[in-house]
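Fold and geometry: a report
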Amino acid sequence: MGLLEDVVVNAKSAVNVVGKTAGKIVDISKLRISAGELNSEISKRYESLGRMVYDAQKTDNDATDLIKECVAAIDDLYEQLDAVNEQISAMRNRTICKGCGAENPQSANYCSKCGKKLEEPAPEEPEVYDAVPVQEQEPQPEAETEEPKDE
Ligand SMILES: [Zn+2]
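Owing to the predicted nature of the structure, the values given are computational and were not obtained by experimental measurement.

Calculation notes
- Residues numbered from 1 in each chain as written.
- Predicted model: local features only at pLDDT ≥ 70, side-chain atom pairs only at ≥ 80, totals over all residues.
- UniProt positions renumbered as here; feature names shortened; annotations may be inferred.
- Helix = DSSP H or I, 4+ residues; strand = E, 2+ residues; numbered from the N terminus.
- pLDDT = per-residue confidence, 0-100.
- Contact = placed C-beta atoms within 7 Å.
- Buried ≥ 20, exposed ≤ 12 C-beta atoms within 10 Å, placed from the backbone.
- Axes fitted to C-alpha atoms, helices over the stretch in contact; angles between N-to-C directions.
- Parallel < 35°, antiparallel > 145°, perpendicular 65-115°, else oblique.
- Left-handed = near helix turned anticlockwise from the far one by under 90°.
- Nonpolar A, V, L, I, M, F, W, Y, C, P; charged D, E, K, R; others polar.

1. Considering the UniProt feature "coiled-coil region" (unreviewed entry) in the protein chain
The sites that carry the UniProt feature "coiled-coil region" (unreviewed entry) are, in the present numbering, residues 67-94. Regarding residues 67-94, the helix share stands at 93% and the strand share at 4%, and the terminal C-alpha atoms are separated by 41 Å.

2. Quick word on the confidence of the model for the protein chain
A low pLDDT means the predicted coordinates there should not be read in detail. Per-residue confidence for the protein chain gives a mean pLDDT of 77, with 62% of residues at or over 70. No element of the protein chain has a lower mean pLDDT than helix 1 (residues 2-24), at 51, and none a higher one than helix 2 (residues 28-59), at 93. Note that residues 21-25 has pLDDT below 50 and, in this model, 8 contacts with residues that lie over four places away or in other chains.

3. Some remarks on unusual backbone geometry
The phi torsion at D60 lies on the positive side, around 60°, for a residue other than glycine. Secondary-structure assignment places D60 in the loop between helix 2 and helix 3 (64-92). Take D60: there are 6 C-beta atoms within 10 Å of it, and that puts it in the exposed class.

4. A closer look at the packing of helix 2 against helix 3
Running from amino to carboxyl end, helix 2 crosses helix 3 at an angle of 165°, the nearest separation of the two axes being 9 Å. One way to sum up the angle between helix 2 and helix 3 is to call them roughly antiparallel. Handedness of the helix 2/helix 3 crossing: left-handed. Its residues assigned to classes, the contact of helix 2 with helix 3 comprises 20 nonpolar, 6 polar and 3 charged.

Encoded structure:
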């Protein structure tokens with residue numbers, strides 16, 4: 001049973017960490033990283049949940065409470081993901097002043113706080129996930145196995 005409890009404890013601390021960072025994030029690339037982390041955390045949670053159910057079945061243990069906690073942790077992560085995604089879409093419609101860091105509506109030409117001319121935000125920057133310590137389990141792309149056909 002120790003293993004199952006570990007999984008739940010880890011779930012809780014992970015949620016706390018993400019919650020803390022989400023509160024003070026102001027820049028969109030960090031938000032994107034956050035969303036990516038939340039997504040991978042959710043995947044991990046699902047995996048743990050499956051393992052719990054499996055172990056419980058195997059060992060004839062009642063894991064109902066642990067499963068409930070894990071489900072609650074997943075719900076919590078989804079809520080955070082929603083919040084992060086909302087922030088991302090809100091920020092897409094804003095221009096951050098490079099002079100003072102104030103948020104201005106995208107339509108504004110000058111900062112409402114310091115009066116500095118606002119630069120057009122770069123349109124749709126590509127998703128750059130640098131410095132993300134998440135091991136992605138990307139499926140290996142299937143090798144091209146096109147065999148030359150003899151006519
Ligand atoms: Zn400003």
